[in-house]
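Chain and residue survey
Single-letter residue listing:
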Amino acid sequence: MADAIVIGSGPNGLVAANLLADAGWHVLVLEAQSAPGGAVRSDRGVDPEFVSDLFSSFHPLAVASPAIRALGLGEFGLRWSRAPLVLAHPLPDGRCAALYRDGDGVDGPDGERLERMFGGPDARAWQRLAERWDELEPHLVDALLKPFPPVRAGAAIAARLRTAGLLDLARFLALPVRRLAEEEFAGDGPGLLLAGCALHADLLPEAAGSAAFGWLMAMLGRRHGWPVPVGGASALTAALVRRLESRGGELRCGQPVREVLVRDGTALGVRTADGCRHRARRAVLADTSVTALYGGLVGWEHLPGSLRRDVGRFQWDFGTVKVDWALRGPVPWSAPSAGRAGTVHLGADLDELGDYAHQVATGRLPARPFALFGQMTVADPSRSPRGTESAWAYTHVPQRIAADLGPDGITGRWDEREGEAMADRIERQVERFAPGFRDLVAARRVLTPPVLRSLDDNLVGGALNGGTAAPHQQLFLRPTPGTAGPRTPVARLYLASASAHPGGGVHGACGANAARAALNAHRRSPARFLPVGGSSTRRGPHR
Ligand SMILES: Cc1cc2nc3c(=O)[nH]c(=O)nc-3n(C[C@H](O)[C@H](O)[C@H](O)COP(=O)(O)OP(=O)(O)OC[C@H]3O[C@@H](n4cnc5c(N)ncnc54)[C@H](O)[C@@H]3O)c2cc1C
């Protein structure tokens, strides 16, 4: 019998499993899909000579995450690669805002380059943002990624800033990115970089907290670059699995869990789709969405009535449509420096970004989709043959489409016609900044919301962050006000996925927090965790 069962082998599930195995627990990970990794997987499905990341690609959060760093994955084969330039935001007129990793800049710091390109005295303002980051990192990273409330990191930040500084920080953290840009910058470049970063989540340029999110992503890029695993996203997953197995942990794929077995308010194990029951002596950790866990894997009869209302109000983040391409040559950007960036943001100006995000938030499918574009061969030359490019782009779409503002009458059925029409729309957006792009396409693959979900059940409606990143569902309010963090109303059951604090991204912090909660509970009252006797709620074969 396992000490702990982890449902799902996304990065959070695998980090949790590793920490439990480090503590000497016997861990069994049950994964529904035929391959591990959740939204950290790559394949050669577009073209056998091209590696394509199916979902996540750039992993600054993994590099910055104390939980993942402590695993020493280099020993298990993980190597990072970086593009010469972290991020580019080209404009249709050929200007281009760019972000470099500290020390990689060949022609001066970001602020000066932005000033040269966009005019206005922006170098000093950009430098102030960088200094704010330098002063607070790593306490800020700890405060964000460790369990809430971040007592030690919070005290360290308070000691540095004192009252006036703290009030100023509080204001900064609440600012919409549009307002920050108005206050700080004379030119358009810096605001565009930050607003594009905020749109990695579902944060409109006018939304509270969007400046801080954009700043976090940009400053992580400045510090660490936005690195990618050499050989594809699966290389990160493979290192996590190798490490787990080296400590006696076990991973079984093709094992969807259908039920968490609960008796007298305590999780005893799980039942898989084949009817087998797997018992867990000490804990069950769910790297599943919160809506799949509560009222799904755990029946409402085991849960407080108020949770049903709260889960009913749980807000998913925007849906996603992603296109993967095998390109015959490098992307013909009008702004040549975009060709050196791993990530390129495609939107003409801050108003276009704002209009797009507002349309998605109000159920209207944009005619001009803001797109995040990944140049994977630029970031890691092992991804495709020399002279070609393995590329992707994704855009957010409404969870429910009320109207299509484009010409295709897309309804959200996402059948083949709608998927191809949306992919064409994304390609037209790329063409605005890189005329001739479509002539380079040798093959493409379209991942619509239902396709994404079929590959990872946590990606509900194509949501990629495990729920909205808006303040009303963050920190002590995530996933719901009554069940913040990894603890659940069921003893020995923990929520380990991005639906818990601190949310989406490949940082493993949700899994680490859940593992620590399970270990602490066991340390506090080991007697409650002696091998369980008695039967589970329904009959079936045991493993
Ligand atoms: C298109 C896309 C692009 C992204 N880009 C980035 C990026 O560049 N950088 C970044 O940091 N983040 C990115 N993200 C977000 C990031 O990938 C996720 O936030 C992260 O993977 C969440 O990890 P997780 O472990 O919580 O869940 P997931 O990675 O979703 O893994 C959950 C796993 O649990 C399994 N599972 C679910 N239910 C069951 C069940 N009942 N039984 C058994 N197994 C089950 C699933 O099959 C899956 O393998 C992206 C996400 C997407 C979708």
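Residues numbered from 1 in each chain as written. Predicted model: local features only at pLDDT ≥ 70, side-chain atom pairs only at ≥ 80, totals over all residues. Heavy atoms only, no water.

Close contacts around the ligand come from 34 residues, with Asn12, Glu31, Phe58, Asp456 and Gly505 the closest. Measuring from a nitrogen atom of the ligand, one finds a backbone N or O atom of Phe58 at 2.8 Å. Interatomic distance of 2.9 Å between a backbone N/O atom of Val257 and a nitrogen atom of the ligand. Taken together, the residues of the shell around the ligand break down into 15 nonpolar, 15 polar and four charged. (Near = heavy atom within 4 Å. Polar contact = N/O pair within 3.5 Å; in protein donor to acceptor, adjacent residues only side chain to side chain. Nonpolar A, V, L, I, M, F, W, Y, C, P; charged D, E, K, R; others polar.)

Turning next to helix α14 (residues 350-361). Look at α14: 16 Å from first C-alpha to last across twelve residues, which is about the 16 Å you get at 1.5 Å a residue. Considered for burial, the residues of α14 that qualify are Leu350, Glu352, Leu353, Gly354, Tyr356, Ala357, Gln359 and Val360. Phi turns positive one or two residues past the end of α14, at Gly363, with a value near 80°. (Helix = DSSP H or I, 4+ residues; strand = E, 2+ residues; numbered from the N terminus. Expected span 1.5 Å × (residues − 1). Buried < 20%, exposed > 50% of the residue type's maximum accessible area, 1.4 Å probe, protein only.)

In this structure, Pro479 follows Arg478 across a cis peptide bond, with omega equal to 0°. Residue placement: Pro479 occurs in the loop between α17 (449-455) and β20 (493-495). The step from His501 to Pro502 runs through a cis peptide bond, and the omega angle for that step is 5°. By secondary structure assignment, the location of Pro502 is in the loop between β20 and α18 (509-524). At Asp264, a residue that is not glycine, the phi angle is positive and equals roughly 50°.

The next thing to look at is the pairing of strand β14 (residues 341-346). For β14, a buried count of six out of six residues is recorded, marking the element as mostly surrounded by other parts of the structure. The pairing of strand β6 (residues 85-90) with β14 spans three bridges and is classified as parallel. Opposite Ala88, over in β14, you have Val344 as the bridge partner. Here four bridges tie β14 to strand β16 (residues 371-375), and the two strands are oriented antiparallel to one another. When the sheet's bridge partners are listed, Leu346 is paired in β16 with Ala371. (Pairing = 2+ DSSP bridges.)

Counting 60 residues, the largest nonpolar core has Trp126, Leu129, Trp133 and Leu194 as its most contacted members. When residues of this core are assigned to their parent elements, the largest contribution, seven residues, is made by helix α10 (residues 210-224). Leave out the neighbours within four places in its chain, and Trp133 touches Leu140, Val141, Trp215, Leu216, Met219, Leu220, Arg222 and Arg223. Counting 39 residues, the second largest nonpolar core, distinct from the first, contains Phe76, Leu78, Val506 and Ala517. (Core = buried A, V, L, I, M, F, W, Y, C linked by side-chain atoms within 4.5 Å. Contact = heavy atoms within 4.5 Å.)

Together, Phe148, Leu475 and Phe476 line one region of the surface with nonpolar side chains, adding up to about 260 Å² of accessible area. As for its placement among the helices and strands, Phe148 is situated in the loop between α6 (139-145) and α7 (151-174). (Patch = residues over 30% accessible without salt bridge, like charges linked within 9 Å, V, L, I, M, F, W, Y side chains within 5 Å. Areas by Shrake-Rupley, 256 points an atom, 1.4 Å probe, with all protein chains shown as cover. Salt bridge = Lys/Arg side-chain N within 4 Å of Asp/Glu carboxyl O.)

Let us look at the pattern of salt bridges. All told, the structure shown has 39 salt bridges when counted by the stated rule. Arg282 serves as the salt-bridge partner of Asp3, at 3.8 Å between the closest nitrogen and oxygen. In this pair, Asp3 is assigned in strand β1 (residues 2-7) and Arg282 in strand β12 (residues 277-286), connecting sequence segments 279 residues apart. Each member of the pair Asp3 and Arg282 is classed as buried. For the salt bridge of Arg222 with Asp134, the shortest nitrogen-to-oxygen distance reads 3.2 Å. Pair noted here: Arg222 is in helix α10 and Asp134 is in helix α5 (residues 122-136), with a separation of 88 residues, a long-range link. When its relative accessible area of 7% is taken as the criterion, Arg222 is described as buried. The exposure class assigned to Asp134 is partly exposed, which follows from its relative accessible area of 32%. What emerges from the salt-bridge pattern is a single network uniting Asp102, Asp134, Glu137, Arg222 and Arg223.

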